Amino acid sequence: MNATPEIHRDDLASKTGMWLFLFTEMLLFGGLFIVYSIYRFRNAEAFHLAAHELNVAIGTINTIILLVSSTTIAMSITALQKKDKKLALILLCTTIILGLAFLVNKYFEWGEHLKEHIYPGSAVLALRGQGDVLFYGLYFFMTGLHALHIIIGLIFIIVIAVKISKDKITFDNFVLLENSGLYWHLVDLIWIFLFPLFYLIT
Amino acid sequence: MENEKNHIIPYRTFLYVLALLITLTLTSVAITQIYLGTLTVVLALLIAAVKSSFVLRIFMHLKFENKIFTFAVIGVVLILSVVIFITFLDYLYR
Amino acid sequence: MEPSFLEHKGKYKGLFSWILSTDHKRIALLYLFSILSFFVVGATLGLLMKFELIAPGKTIMTAETYNAFFTLHGIVMIFAVVIPGLPAVFGNFMLPIMIGAKDVAFPRINLLSWYLYVIGVSLVLISQFAGQGPPDTGWTFYAPYSFRTTGNMLPAVFGAFVLGFSSILTGLNFLVTMHRMRAPGMTWLKMPLFPWSLYATAWVQLLATPIIGITLLMIVAERTLHIGFFDPTLGGDPLLYQHLFWTYSHPAVYIMILPAMGAISEIITTFSHKTIFGYKFMVASVLAIAFVGYFVWGHHMFTSGMSGTALYTFSLLTFLVAIPSAIKVFNWISTMHQGSLDLQTPFYWAIAFIFVFMIGGFSGLILGSLAANVHLHNTHFVVAHFHFIVFGGTGFAFFAAAHYWYPKITGKMYDTRWANIGLVLFFIGFITLYGPMFYLGFKGMPRRYYDYDEIFHAGNIISTMGSWVLYSGLAIIIINLFASLKNGLTAPADPWGGKTLEWTVPSPPPVENFEEIPLITKGPYDYK
């Protein structure tokens, strides 16, 4: 059944609502940035040294993965506007695959740390000193919360892709696609800051 | 709002921005390999801020939306910054 | 004529026509029912706490029970009653009508907000009965005790998190509603003051609540993973928890008071039959309070160990944020001056509000002074302060609004005599209950202690008796409002001579509020 034209549709309201929700996400992570900045200030040396233990190569690759995925989802909007439904879906699938690749990388990265018994609450970590405890506590918490948001974003995008394939979202009714893009870009933005703060402050 | 629907950003634009973002990313990795003391963090965050502004302006469409959205984003960042600043007034001077 | 929203026959029947409704008016009443229920729970806890305090030593409960009681009293009153209170009930009901809209921007998200509210409070209540005993940290969940106590913190903390989400979604909804759905001709500066207060409040709900969200998640991480953020043995700073907690919880008090002030502005204007004095300053003040309110949180932490620089920065900012509040009080009085006063129950509540709010406000300035704070922090002086300003402020305004908009919502008039008797009893009880606490705190009686020195006995007896008078007044007020549903006279569309849009639609309003969206050509308070 095709969507009947809605008399009371307000795309700007929908987009505004999404932006307001993004503000709450910015402040949610913002709280963690507050904690990070204070503890970095108080444990500068320890943070600096601990950052060396993170794999810059994987971090850089993950950063680029997200940047490309932001590009593909942005391009999918152009594709839909140009009535190229097939390209739009291909671009969205690419976005999803890239998102999954990010998560796989994270899984292996975390796996390395867990192998060495470095995780919040571990005795090994406690022995290494307070600076390390805080660094890794923040690392796991912030990248973990970020990964959760990637999962949420991917679910959102999958739902949108299904709607596009069923013509519920079309070239002249695509605010939901835009909103999913906005959410995904936010997830990218958060990582743009997480990356230097954990991997590059050496 | 009708003109918004007709405004289509060319694929090329997104690809140029991507190229720029990747370049900035690699630059920040390179720069932070050099020891510059506290300047390292500042530079890394500055580059992150520049990357963010491109994501916000182009990918997230802020350049083409009503200016009020941009002001709101700036406002949120400002409030968070002031909160961090005031919190540091405690930790810096204890 | 169209049936009222209460008589409307929609897709669902019976209970489902309420709990599946996306009509902002029904959702408002769902909130009213829940919030009133939890208010009674919180008030009863308070009554029992006061009874415990009528004499030193154990009276009716152990110390552990007392700790659990004041914790639950705080959580319920703060997160389940006064924060959602005015916005969720009167904001939901009146905002769309007052701006000439048929509903809020996102009606289904509005219903979701209510579901989240119910889930959140349920989790909090579960914490009382499951696990190793109810939480006993106080509603402030201070670290390190909050992650060391064996009390059942996780459901309580997670419940507060879910309640926060409910608050965020309400704020988001109201912001988009006011930006996109004002009636044609209603420019921002033609919008009435209650919507303006909800606007400022919504920004606080949106931008401050996430901070407590993440802080609560950090407490969960401390308890489950021993992550170390606030654990001094692992390098964390308990004071950072306080910073994060109050960075939300102070703006939260503005979520409580701004809609209250908005409602009072409406009531004073209507019953003075005169346009509000200084409309633009009222708008600016409400926005200024919301903005500056973000930066004063440290005044809850003056004795915790912050730096000197932080101390005087917060004290200065605290004094500054009082200024716009004072402007509002002056403007309310100026509105009444040479107005044609109609002495009705809502107006009496409004005047009582100004009285207790000012006492609360002045005591806040005393607490905001660093030297005085050293002696008064964590004493009953603080307890008196926040009850005067929150219960006196938001509470009185809630009852004022309830009586003001009762005819519009129910289509009936309440019994004026019983309403006024209830108010008088309530007011006398209120002053008797909380007034002595200023003195007790000044003399050194600590808060959150279930026992006290004999020198505080007399004051406590007076205070506890005040709680009985207050509670009786409350019972009369609430019973009257319920009884009048059946026995009250039918109310006209505009019983008070109000000029805002809600008085132009029938009492109770039809489902879509307006037969035709009005065209606005005049300001909101066009008395002449």
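Residues numbered from 1 in each chain as written. Chains lettered and ligands numbered in written order. Predicted model: local features only at pLDDT ≥ 70, side-chain atom pairs only at ≥ 80, totals over all residues. Heavy atoms only, no water.

We now examine the overall build of chain A. Along its length, chain A carries seven helices and zero strands. Secondary structure elements of chain A occur, N-terminal to C-terminal, as α-α-α-α-α-α-α. For chain A, the residues scored as buried account for 62% of the 202 residues in total. Carbon together with sulfur atoms contributes 67% to the accessible area of chain A, which is approximately 7,800 Å² in total. Charged side chains of chain A number 14 positive and 15 negative; the gap between the two group centres comes to 6 Å. (Helix = DSSP H or I, 4+ residues; strand = E, 2+ residues; numbered from the N terminus. Buried < 20%, exposed > 50% of the residue type's maximum accessible area, 1.4 Å probe, protein only. Areas by Shrake-Rupley, 256 points an atom, 1.4 Å probe, with all protein chains shown as cover. Lys, Arg positive; Asp, Glu negative; His and termini not counted. Charge placed at Lys NZ, Arg CZ, Asp CG, Glu CD.)

Moving on: the overall build of chain C. Of regular secondary structure, chain C possesses 16 helices and zero strands. Computed over its C-alpha atoms, the radius of gyration of chain C comes to 23 Å, within 12% of the 24 Å expected for a compact globule of 528 residues. Based on the C-alpha atoms only, the size of chain C along its principal axes is roughly 70 × 45 × 45 Å. The buried share of chain C, reckoned over its 528 residues, is 63%. For chain C, the share of sequence-separated contacts (at least 6 apart) that also reach a separation of at least 24 residues comes to 82%. Put simply, chain C shows about 19,100 Å² of open surface, and 69% of that area lies on carbon and sulfur atoms. A gap of 7 Å separates the mean positions of the 27 positive and 22 negative side-chain charges of chain C. (Rg over C-alpha atoms; globule rule 2.2 N^0.38 Å. Contact = heavy atoms within 4.5 Å.)

What follows concerns the interface of chain C and chain B. In this complex, chain C contributes 19 residues to the contact, which on the side of chain B involves twelve residues. Interface area for chain C against chain B, summed over the two sides, is near 1,300 Å², with a carbon-plus-sulfur share of 77%. Inspection of the region where chain C meets chain B yields one salt bridge. A salt bridge links B:R94 to C:D237; the nearest nitrogen and oxygen atoms lie 3.2 Å apart. (Buried area = accessible area lost by both parts, 1.4 Å probe. Salt bridge = Lys/Arg side-chain N within 4 Å of Asp/Glu carboxyl O.)

Residues and elements named next belong to chain C. According to the stated counting rule, one finds 75 aromatic pairs over all chains in the structure shown. Ring centres 5.7 Å apart and planes at 85 degrees place the aromatic pair W196 and Y199 in the edge-to-face group. Residue W196 and its partner Y199 are located together in helix 8 (residues 193-225), separated by three residues, close to a single helical turn. Over the aromatic face of W18 sits the side chain of R26, whose NZ or CZ is 4.4 Å from the ring centroid. (Phe/Tyr/Trp six-rings, centres within 6.5 Å; stacked < 30°, edge-to-face > 60°. Lys NZ or Arg CZ within 6 Å of the ring centre and 35° of its normal.)

Next up on the list: the pattern of salt bridges. Scanning the model with the defined rule gives 15 salt bridges over all chains in all. A salt bridge links A:K106 to A:E109; the nearest nitrogen and oxygen atoms lie 2.5 Å apart. Taken together, the residues span about one helical turn, with A:K106 and A:E109 both in helix 4 (residues 85-115) at a distance of three residues. With respect to burial, A:K106 and A:E109 carry one shared label: buried. Here the salt bridges share partners, and the residues they tie into one network are A:K15, A:E178 and B:E65.

With that out of the way, let us pick up the interface of chain B and chain A. Taken residue by residue, the interface counts 43 residues in chain B and 46 residues in chain A. Roughly 4,100 Å² is buried in total at the junction of chain B and chain A, and carbon and sulfur atoms are behind 79% of that figure. One can count one salt bridge joining chain B with chain A. For the salt bridge of A:K15 with B:E65, the shortest nitrogen-to-oxygen distance reads 2.7 Å. Counting the contacts that link chain B with chain A gives four residue pairs in polar contact (both at pLDDT 80 or more). Where the side of chain B that touches chain A is concerned, the elements lending two or more residues are helix 1 (2-6), helix 2 (11-31), helix 3 (38-59) and helix 4 (67-92) of chain B. Among the residues making up the side of chain B that touches chain A, the classes are represented as 31 nonpolar, seven polar and five charged. (Polar contact = N/O pair within 3.5 Å; in protein donor to acceptor, adjacent residues only side chain to side chain. Nonpolar A, V, L, I, M, F, W, Y, C, P; charged D, E, K, R; others polar.)

Residues and elements named next belong to chain C. Taking 1.5 Å of rise per residue, the 14 residues of helix 4 (residues 85-98) would be expected to cover 20 Å, and the 18 Å separating its terminal C-alpha atoms lies within 8% of that figure. The largest bend in helix 4 is about 55 degrees, located at G91. Across the 14 residues of helix 4, 14 count as buried, placing the element largely inside the fold. A positive backbone phi angle near 80 degrees is found at G100, which sits one or two residues after helix 4. (Expected span 1.5 Å × (residues − 1). Bend = angle between axes of the 7 residues up to and from the residue.)

What follows is about helix 14 (residues 380-410) of chain C. Residues and elements named next belong to chain C. The largest bend in helix 14 is about 45 degrees, located at Y404, with the proline P407 one to four residues further on. For helix 14, a buried count of 29 out of 31 residues is recorded, marking the element as mostly surrounded by other parts of the structure. Just downstream of helix 14, G411 is the residue with a positive phi angle, here 80 degrees.

This part takes up the side chain of C:N460. Its place among the elements puts C:N460 in helix 16 (residues 457-487). With sequence-adjacent residues up to four places away left out, C:N460 is seen in contact with C:K50, C:L53, C:L440, C:M445 and C:Y452.

Turning to the packing of helix 4 of chain C against helix 14 of chain C, a few remarks are in order. Residue and element names in this part refer to chain C. Put simply, helix 4 and helix 14 touch, their axes get as near as 11 Å, and they point 40 degrees apart. Accordingly, the angle class assigned to the pair helix 4 and helix 14 is oblique. Handedness of the crossing formed by helix 4 with helix 14: left-handed. For the pair formed by helix 4 and helix 14, the contact residues are G85, L86, V89, F90, F93, M94 and M98 on the first element and T394, A397, F398, A401, A402, W405, K408 and I409 on the second. Grouping the amino acids of the contact of helix 4 with helix 14 by side-chain chemistry returns twelve nonpolar, two polar and one charged. (Axes fitted to C-alpha atoms, helices over the stretch in contact; angles between N-to-C directions. Parallel < 35°, antiparallel > 145°, perpendicular 65-115°, else oblique. Left-handed = near helix turned anticlockwise from the far one by under 90°.)

Moving on to the confidence of the model for chain A. In the predicted model, chain A carries a mean pLDDT of 94, and the fraction of residues at 70 or more is 97%. Of the regions scoring below 50 in pLDDT, residues 1-6 of chain A engages in one contact with residues more than four places distant in sequence or in other chains. (pLDDT = per-residue confidence, 0-100.)

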